[in-house]
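Chain and residue survey
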Amino acid sequence: MDSLLQTELSVSDLTSLIKQTLEQGFYGLKVTGEISNFRPSSTGHWFFTLKDETCSISAVMFKGSTWKVDFTPQEGDKVTVTGSLDVYGARGTYQLKCESMEKSGFGQLLAMLEMRKRQYAALGYFDEKTKKPIPKRPLRVGVVTSPTGAALQDILNILGRRAPSLDILVLPATVQGESAAPSIANRILQANDLLLCDVLIVGRGGGSIEDLLPFSEECVIEAIHCSQIPIISAVGHEIDWALSDFVADLRAPTPSAAAELVSQGYMDYRNQVQNLYEQLQKSMQSRLLLAESKVKRFDTKAMQVRISNIISTKEYLLANAGNNLVIAQKQLLKSHDARVELAIRELQALSPLAILARGYTVVQNQEGKLVASKEQAEPGSMLTLTFADGKRKALVKE
Amino acid sequence: MSFETDISRIEEIAQKLNASDTSLEESIALFEEGMRLAKALEKALAEAKRSVEIVLGENPQEAEITSLA
């Protein structure tokens, strides 16, 4: 018997060879089959079997990939997965390791939508210039959606919070299944025929692409296109889309976002009023501060300071003036002294005593009269002679 | 009452309050007027006085409308 290999192999060697062969030979696969024995693990991985009429293969999808799948697979779901083969050596098994999963037929669905989109684009249904402006502050907003859906609750909550005076009219529609598209289209026509509101939100919450399909149906596209009332399309989540998004006057990523859009005008007003409020208060405050600072100049304490300033200035001037007076008086006295001395000296020069000191005498008779000639000094009379140092009596002889 | 006229009146008042030739008495009167308008506007915008209604029936030519509790 021919040997493939010359050496003897251990189980691990052989498994390793098989692993290499399978994993390197089968990658980038796209496989369609039916889900069976779906077992999600508590850690987030999915284990299941993919089968068709005659064969089955184990499959696994790890947590890192499952989050990208927008639906939870059900028993019997026909899906298309991409991935590669993976050999689990410990058990000698092989399985399909899935990277992505979509419902089978998804591709055709997308292609159909793309074609329809091109067709309406060519008809000019999506032209920017045909879009009607959304009123800034509508008075009544119409909502075409399921009356029981979470989307309606979101819209009511957000509008209640942001624009509590805005009236709302719910136009209940089926949003899933065969009857959905005509039901939606019918409500749009009704709102227009009866002019029930001044802006319309048409939408629903998130779902699979099939769930959102009614919003891409021709009758809905036509109804939106013909609407005189401006329409906001709000279908699914941020990543979802429907053809209604393109034909509507405005696309909102979610129903909540649509509610925010229609209430923005009211929010702007509220912010503006709030700003003005603060502006008024600030202006008044600075006005009052100005007045206060003017009044403050006249309060007791400030006045005391100012008056005591004035007083001390005056006191200083007074003290200064007093000092000057004393100096002036002293000077005056000094000059008087000098004059007195001079006068004394002059007086002394004229004094009779000074003349007497030079040898003259004053002669007086007994009556005390000055005797200035010999006629007045009769012989035998007594005269009084006054010298510089005293008096003597003299008898006139001849 | 129109929001637009009220808002522009408040804006005008704020401007006058900032002007230096407005007397204190005048300022106080203006401030009171402005605050009164702003409060009224705020109330009108924040007051929950909306009606939430739902259309009954399918006939597009005739809508029976009832309040949605």
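Residues numbered from 1 in each chain as written. Chains lettered and ligands numbered in written order. Predicted model: local features only at pLDDT ≥ 70, side-chain atom pairs only at ≥ 80, totals over all residues.

Attention shifts here to the overall build of chain B. On a plain count of helices and strands, chain B comes out with 2 helices and 2 strands. Start at the N end of chain B and walk to the C end: the helices and strands fall as α-α-β-β. Taken across its 69 residues, chain B has 19% of its residues classed as buried. Sequence-distant contacts, at least 24 apart, represent 23% of the contacts inside chain B between residues at least 6 apart. (Helix = DSSP H or I, 4+ residues; strand = E, 2+ residues; numbered from the N terminus. Buried ≥ 20, exposed ≤ 12 C-beta atoms within 10 Å, placed from the backbone. Contact = placed C-beta atoms within 7 Å.)

Within the open sheet, the 7 strands sit side by side as E10(A)-E9(A)-E8(A)-E6(A)-E7(A)-E1(B)-E2(B). Their pairing is mixed. A single partner strand is all that each edge strand has here, and the edge strands are strand E10 (250-251) of chain A together with strand E2 (64-67) of chain B. Note: strand E6 (residues 140-145) of chain A against strand E8 (residues 199-204) of chain A, 4 bridges, orientation parallel. Within E8 of chain A, the residue paired with Val-144 of chain A across the bridge is Val-202 of chain A. (Pairing = 2+ DSSP bridges.)

Running from N to C, helix H9 (residues 255-296) of chain A and helix H1 (residues 3-18) of chain B cross one another at 25 degrees; their axes reach a closest spacing of 9 Å. Taken together, the axes of H9 of chain A and H1 of chain B are roughly parallel relative to one another. Our pair here, H9 of chain A against H1 of chain B, has a crossing hand that is left-handed. On H1 of chain B, the residues that touch Tyr-269, Gln-272, Leu-276, Gln-279, Leu-280, Ser-283, Met-284 and Arg-287 of chain A of H9 of chain A are Phe-3, Ile-7, Ile-10, Glu-11, Ile-13, Ala-14, Leu-17 and Asn-18 of chain B. Looking at the contact of H9 of chain A with H1 of chain B residue by residue, the class counts come to 10 nonpolar, 4 polar and 2 charged. (Axes fitted to C-alpha atoms, helices over the stretch in contact; angles between N-to-C directions. Parallel < 35°, antiparallel > 145°, perpendicular 65-115°, else oblique. Left-handed = near helix turned anticlockwise from the far one by under 90°. Nonpolar A, V, L, I, M, F, W, Y, C, P; charged D, E, K, R; others polar.)

Attention now moves to the interface of chain B and chain A. Listed by partner, the interface residues are 34 residues for chain B and 31 residues for chain A. Of all the secondary structure elements, the ones that give two or more residues to the side of chain B that touches chain A are H1, helix H2 (24-46) and strand E1 (52-56) of chain B. In terms of residues, the side of chain B that touches chain A owes the most to one element, H2 of chain B, which gives 11 residues. Partitioned by chemical class, the residues of the side of chain B that touches chain A number 22 nonpolar, 5 polar and 7 charged.

Let's shift gears to the confidence of the model for chain B. Low-confidence regions, as indicated by low pLDDT, have predicted coordinates that should not be scrutinised in detail. Residues and elements named next belong to chain B. Residues at a pLDDT of 70 or more form 96% of chain B, whose mean pLDDT is 83. At the level of individual helices and strands, chain B shows its lowest average pLDDT in E2, which scores 82, and its highest in E1, which scores 88. Our summary of model confidence lists the complex with pTM equal to 0.61 and ipTM equal to 0.82. (pLDDT = per-residue confidence, 0-100.)

All names here are of chain A. Within the largest apolar cluster, 64 residues are counted, with the highest numbers of intra-cluster contacts made by Ile-184, Leu-200, Ile-201 and Ile-232. It is H9 that contributes the most residues to this core, 8 residues altogether. Apart from the residues within four sequence positions on either side, Ile-184 is in contact with Val-144, Ala-173, Val-175, Val-202, Pro-214 and Val-220. Counting 11 residues, the second largest nonpolar core, distinct from the first, contains Ile-35, Trp-46, Ala-59 and Val-79. (Core = buried A, V, L, I, M, F, W, Y, C linked by C-beta atoms within 7 Å.)

The next subject is the sheet that holds strand E13 (residues 390-395) of chain A. All names here are of chain A. Taking strand neighbours across the sheet as the criterion, the 3 strands line up as E11-E12-E13 in an open arrangement whose pairing is antiparallel. Since the sheet does not close on itself, it has two edges, and those belong to strand E11 (362-364) and E13, each with one partner. Adjacent strand axes in the sheet meet at a mean angle of 25 degrees when their direction is disregarded. Of the pairings in the sheet, the one linking E11 to strand E12 (residues 382-387) comprises 3 bridges and is antiparallel in character.

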